[in-house]
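The chain contents come next:
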Amino acid sequence: MSDRKRLLIVAHAPSPNTLTLRNAVVDGARHPDIESVDVKVLAPLEAGPDDVLACDAIILGTTENLGYMSGALKDFFDRSYYPCLEKTQGLPFAFYIRAGHDGTGTRRAIESITTGLRWRLIQEPLVCRGEYRGEFEEQCRELGLYVAAGLDAGLI
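Conventions we followed
- Residues numbered from 1 in each chain as written.
- Predicted model: local features only at pLDDT ≥ 70, side-chain atom pairs only at ≥ 80, totals over all residues.
- Heavy atoms only, no water.
- Helix = DSSP H or I, 4+ residues; strand = E, 2+ residues; numbered from the N terminus.
- Rg over C-alpha atoms; globule rule 2.2 N^0.38 Å.
- Buried < 20%, exposed > 50% of the residue type's maximum accessible area, 1.4 Å probe, protein only.
- Contact = heavy atoms within 4.5 Å.
- Areas by Shrake-Rupley, 256 points an atom, 1.4 Å probe, with all protein chains shown as cover.
- Core = buried A, V, L, I, M, F, W, Y, C linked by side-chain atoms within 4.5 Å.
- Phe/Tyr/Trp six-rings, centres within 6.5 Å; stacked < 30°, edge-to-face > 60°.
- Salt bridge = Lys/Arg side-chain N within 4 Å of Asp/Glu carboxyl O.
- Axes fitted to C-alpha atoms, helices over the stretch in contact; angles between N-to-C directions.
- Parallel < 35°, antiparallel > 145°, perpendicular 65-115°, else oblique.
- Left-handed = near helix turned anticlockwise from the far one by under 90°.

> Residue-level account of the overall build of the protein chain, with values.
In terms of regular secondary structure, the protein chain is built from five helices and six strands. Start at the N end of the protein chain and walk to the C end: the helices and strands fall as β-α-β-α-β-α-β-α-β-β-α. Compactness check: the protein chain gives a C-alpha radius of gyration of 14 Å against a globular reference of 15 Å for 156 residues, within 12% of the reference. Here the C-alpha coordinates of the protein chain stretch approximately 45 × 35 × 25 Å along the principal axes. Taken over 156 residues, the protein chain has a buried fraction of 47%. Look at the contacts in the protein chain between residues 6 or more apart in sequence, and 83% of them connect residues 24 or more apart. Carbon and sulfur atoms make up 49% of the accessible area of the protein chain, which totals about 7,600 Å².

Structure follows, in structure tokens:
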């Protein structure tokens, strides 16, 4: 039996900036000091319940679209909710939002769905608000690193 943990990153990245943020999360999660975590990265339309059932933790990423999560991430939840409902309770998760406004509605929607799934939020959500700033990349890198390091150390 393998001691390796599996981190799933499901992130909607429709623009160069959001792709940069997703890649920063991945870079953090794949930091060379992380020794026993395998990272799988999927777009929401490619991910499904089997991916969630196979992971030990998940990081979600989305844009803020009209005060809500992206349609792609909502589709992922629609397809995964019931197959995962009874099998993933307590799943450690974190998420980030690329918000042109304040991200409040997007955060509320993700928290509502994940509360129904009984997933366990392990870090304060990262909301990258307003005009794009380079500091968002470092914040996303840290998010990936902290989640992967927690898995690697057996803390989550």
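> Account for the nonpolar core, with residues named and values stated.
Counting residues in hydrophobic clusters, the biggest one holds 26 residues, and the most contacted among them are I58, L60, F76, F77 and W119. Contributing elements (two or more residues each) for this core: β1 (5-11), β3 (57-63), α3 (71-85), β4 (92-99) and α4 (104-117). With six residues, the single largest contributor to this core is α3. Contacts of F77, omitting those with residues within four sequence positions, involve L60, M69, I113, T114, L117 and W119. Core analysis: the second largest hydrophobic core is formed by 23 residues, V25, V26, Y96 and C128 among them.

> Describe the environment of D33, and please don't skip the residues or the numbers.
With respect to the helices, strands and loops of the structure, D33 is situated in the loop between α1 (16-29) and β2 (37-42). Take D33: its relative accessible area is 57%, and that puts it in the exposed class. In the structure, D33 is positioned 112 residues away from L145 in sequence and 9.5 Å away in space, judged by C-alpha atoms.

> Mind laying out the packing of aromatic side chains, listing which residues take part and the relevant values?
The relation between two aromatic rings is expressed through the spacing of the ring centres and the mutual angle of the planes. One pass over the structure, following the stated rule, counts six aromatic pairs. On the basis of an interplanar angle of 50° and a centroid distance of 6.3 Å, the ring pair of F77 and W119 is categorised as tilted. Separated by 42 residues along the polypeptide, F77 in helix α3 and W119 in the loop between α4 and β5 (120-121) bring together distant segments of the chain. Take F77: its relative accessible area is 3%, and that puts it in the buried class. Following the ring pairs from residue to residue traces out a cluster consisting of F76, F77, F93, F95 and W119.

> Tell me about the pattern of salt bridges, and name the residues and values.
Side-chain pairs of opposite charge can arise whenever the charged atoms involved come near each other. Per the stated rule, a full pass over the model turns up nine salt bridges. We note a salt bridge from R79 to D75, for which the minimum N-O separation is 2.7 Å. With R79 and D75 both in helix α3, this residue pair falls four residues apart, about one helical turn. Assessed through its relative accessible area of 27%, D75 is described here as partly exposed. Notably, a salt bridge pairs R107 with E111, separated by 2.9 Å at the nearest N-O pair. Of the two residues, R107 and E111 both sit in helix α4, four residues apart, roughly one turn of that helix.

> Break down the packing of α3 against α4 for me, citing the residues and quoting the values.
α4 packs onto α3 with a crossing angle of 15° between their chain directions and a minimal axis gap of 10 Å. Put simply, α3 runs roughly parallel to α4. Considering only the axes of α3 and α4, their crossing is left-handed. Contact residues: L73, K74, F77, Y81, C84 and L85 in α3; I110, I113, T114, G116 and L117 in α4.

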